[in-house]
Structure formats: structure tokens, C-alpha cells
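# Coordinate analysis (summary)
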Amino acid sequence: MNLVSLNIESIQLGHPLPFVLRGADGVLLAQKGYVIRTREELAKMVGRGRQLCVDTDESGDSHRAYLAQLQRMLIADTNLGEIAAMKMTAADDAGGRGRTGKTLPDWPELQLRATQLLRAPSPADFGGRFQTLHDELARHCEQTPDATLLGLIYLSAQETRMYSATHSMLVCCVCMVVAREMLRWPASRVQQLGHAALSMNIAMSELQDQLAQQTHPLTAQQIAAVESHAERSEALLRTLGVADPVWLEAVRSHHHRTPGPLAKKTEAQQMARLLQRADIFGARMAPRAARLPMPVTAAMQASYYDEEHQVDEAGAALVKTLGVYPPGAFVRLASQEVGVVVRRGTTATTPKVAVVTNRDGMPTGEPIPRDTGMPPWKVTGVVAFKDVRVKLSLDRLLNLV
């Protein structure tokens, strides 16, 4: 442990911490992503830890970014008042990853922020925190859609502890990408859709996390809570200050079983239908303590066909946008290699794949890019997440997109 003292003024109130906060003796004061809301809360932390510190061994990137920013300001002869007011924020976290120069998301941090927001929403600050989270997701969907889908689908195939938040972010991003790229909805409508998707389960977020790890059947009380959650989510959003009628109706209706052409539905009903299709896709693909996740192709099929076993217009738009093998799915190639899809291809069945095990089932060490449009590397089927025996770094995969 290499503790470095931190100026109390560098903590930005009301924003997620971009580092783990420790006391002078190394005791944990706050996890990365925790939001300190008041000066009084900050003062109590200082009292418990005697001093605010960052362990550069575990938060090195954030701390180095802070020092680099300070050095730049000193070189530029920035006045001392501005230097003293400098904040170390999540944006300063020295990720900067991505070959395009765009910063890729810190998914563990976003999972934590979304969990804290959705499980314990407060009318006092819900609007600002929710919009900040939504806008960050929307920016990633627009700038790096494949990397965003890869990160969320990859995490969703293994997440049970923060299932609800991860699922909400996945549905939010899938819906926004489909609405923008395939349905060509205007930006204002895509934003409403993203709002509804991110908040659709807010009244049962804690219960969802509990159910993801529950091995016994649902109780009658749990079943009732699940069945009423859409209406309760709408009511809760109203108490949190949401007044957009389209957003609220989409949340209230997102479990309605209403097959049929989108053109015959209202805007809110169209959003609700797309939410339902994306919700089915994400839920079928996610694991539970009591069951394994569905293969991604089965999850796609479940969203593609409606309640009358006909092709669903919203579900078809989802499949056409994400592809039969979306980013984050594991596939087997004609070469008998196994890889993870890192980017959508020119057709629904020819994604870009990074091979992680060779034809003998041995790890490749470094992921090897493959063009599945070429016959030797044609995709021949999907591989279940549990059957991939290689531990992969999501950051390494994201940098291949």
C-alpha cells in the first residue's frame, strides 16, 4: 500500500469518486463510485481517517491523472486560486482507452453508480444524477456503439450481484442504438426512450438483485411485486419529479403484451414495445443463481417472435441492428477456434471476432482478430459463456473494437 495524502478540496461533492478513498492508516473510507453529498459527510470521513488518502497502488491511474493535470496548470502559469480549486473527477481518470481516441466507459464504476441511483433514489438529487448517468450512456452509444454493446452484453452474461443496474443499462443502450440506427427516430425521442429504459424497473431494483441470487422459488409476495412493478415504477418516478407523459407511459406499459405493427401504436406504446423486446433479450441472456443463461441466439429468437409466434417489428429491428451474433457473444468458427464478437460486421452473420482459444481448445494468449466473412473463419454456432475456460480482460477486448 502506497498512501498519498489528498487535499480535501479536491473532492467534488455530489459526484462519484473516481478512486478508492482511504484514511491515514489505510482504512477504507469510501469505495470508488461512492457519492459524497455534503461537507458534513466529508468532515466525518476526515475525522474517521485522520486524513484523506489515495493508495496509488490501487488508484494509480486516477492519481497520476490528477498530478499530470496539476503539472500542466503549473507549467501554464495558472493562478493559484484555480489550482487550489482543481477537482479530481471521473473524467480525469486516465483511461483514455480506445483506438479512436474516444474514452471508453469504466463499466464497474457505472455499474456501481447505477446501482446506488436505482436502488435508493432520492427526490432531492434524483433528476441530476439520473440525467448525468443517462447522458454518459447516450454519448457512448453514439460515439462507440460496438464497444458499448460489447461491454454490457459481456458483463450481463456473468453479473448477478448488480444485475438490475447492469440489465437496465443494457436495455437502455440496446434501445437507443436500435432507435437511432434502424428505426431512425429523432434525437428527442431516442432520449425519452433511454430515460424510460433506464428507469423501467426502478421500483423493484433491489428485488431484482435479490432474485438473481435466489435459489428457491419466488414467494407469493415476490410474484405480486414483480407483476406490479411497472405501475409502481411509474408512480415512484412521479414522486421523484418526472413529469414527461411519454416517458411515464412507456414505463407503465413496458410489460403489456401488444403485438402488431408499430405504426398502429402511439409513440409511448412504440417505445414500450421496443423496451419489452430488449428486456426479453437481456433477461434471457443473463444468469441466475438457480439457472444458467440462455445462449445469445436463443435470447435473440425470444425477442424476434411475438406472442402469436409472428415476427415482431420491434424485435426484428433489434436483431437487424445487433446482428445474429452481437458484440459480447462467444462463437465457434469453421476453423474450430472460439472467439468473442467484438464488433458488428457488414451483415448480421459476419461479425468481427477476437479468437481466444485455438482449434485444440488452448488459450491463444493474446486475442487474435478474425474476419468471419472469410470462409475459413465463418461462424458455425454460439458457445455458452460457462464453456469458455479463458479469463478475459474486458479492457483488452474493448481495445480490439
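Everything here concerns the structure above.
What you see is a predicted model, and the numbers here were worked out from it, not measured in a lab.

### Section: the overall build of the protein chain
For the protein chain, the helix and strand inventory stands at 16 helices and 9 strands. Residues counted as buried form 51% of the 401 residues belonging to the protein chain. Entry remark: accessible area of the protein chain is about 18,300 Å², with carbon and sulfur atoms responsible for 53%.

### What to know about the nonpolar core
Counting residues in each nonpolar core, the largest one holds 85 residues, and the members touching the most others are Trp 107, Leu 137 and Leu 322. Take this core: its biggest share by element is 12 residues, from helix 7 (residues 163-181). Not counting chain neighbours up to four residues away, the residues in contact with Leu 137 comprise Trp 107, Leu 110, Met 169, Cys 172, Cys 173, Met 176 and Leu 198. Counting 12 residues, the second largest nonpolar core, distinct from the first, contains Leu 21, Leu 29, Leu 42 and Leu 52.

### Quick word on empty space enclosed by the protein
For the structure shown, the criterion picks out 1 cavity of 30 Å³ or more. Each pocket or cavity is described by its volume, and for the largest cavity that value is around 40 Å³. A total of 4 residues in the lining of the largest cavity trace back to one element, the largest contributor, which is helix 7.

### What about the layout of surface pockets?
Counted as a void, the second largest pocket has a volume near 990 Å³. Lining the second largest pocket are 33 residues, with Val 226, His 255, Asp 279, Ala 283 and Arg 284 sitting closest to its centre. Elements represented by at least two residues in the lining of the second largest pocket include exactly helix 7, helix 9 (205-212), helix 10 (220-227), helix 11 (229-239), helix 13 (267-285) and helix 14 (296-304). Of the residues forming the lining of the second largest pocket, the biggest block, 6 residues, is contributed by helix 13. The residue makeup of the lining of the second largest pocket, split by class, is 12 nonpolar, 11 polar and 10 charged.

### Concerning the side chain of Ser 199
Positionally, Ser 199 belongs in helix 8 (residues 187-199). A residue is classified by how much of its surface remains accessible, and Ser 199, at 0% relative accessible area, is buried. The residues contacting Ser 199, other than those within four sequence positions of it, are Phe 130, Ser 233, Leu 237, Trp 247 and Val 251.

### Details of the pairing of strand 5 (residues 330-333)
With 3 bridges joining them, strand 5 and strand 6 (residues 338-343) adopt antiparallel strand pairing. Following the sheet pairing, Val 331 is matched in strand 6 by Gly 339. Hairpin connection of strand 5 to strand 6: 4 residues between the antiparallel strands, including Gln 336 at a positive phi of 75 degrees. Two elements, strand 5 and strand 9 (residues 379-382), share 3 bridges in a ladder whose sense is antiparallel. Each residue of the ladder has a partner; that of Leu 333, found in strand 9, is Val 379.

About the thresholds
Residues numbered from 1 in each chain as written. Predicted model: local features only at pLDDT ≥ 70, side-chain atom pairs only at ≥ 80, totals over all residues. Heavy atoms only, no water. Helix = DSSP H or I, 4+ residues; strand = E, 2+ residues; numbered from the N terminus. Buried < 20%, exposed > 50% of the residue type's maximum accessible area, 1.4 Å probe, protein only. Areas by Shrake-Rupley, 256 points an atom, 1.4 Å probe, with all protein chains shown as cover. Core = buried A, V, L, I, M, F, W, Y, C linked by side-chain atoms within 4.5 Å. Contact = heavy atoms within 4.5 Å. 1 Å grid on protein atoms, 1.4 Å probe; cavity = no way out; pocket = protein on both sides within 12 Å on 5 of 7 lines; lining within 4 Å. Points joined across faces, edges and corners; volume = space filled by probe spheres on them. Nonpolar A, V, L, I, M, F, W, Y, C, P; charged D, E, K, R; others polar. Pairing = 2+ DSSP bridges.

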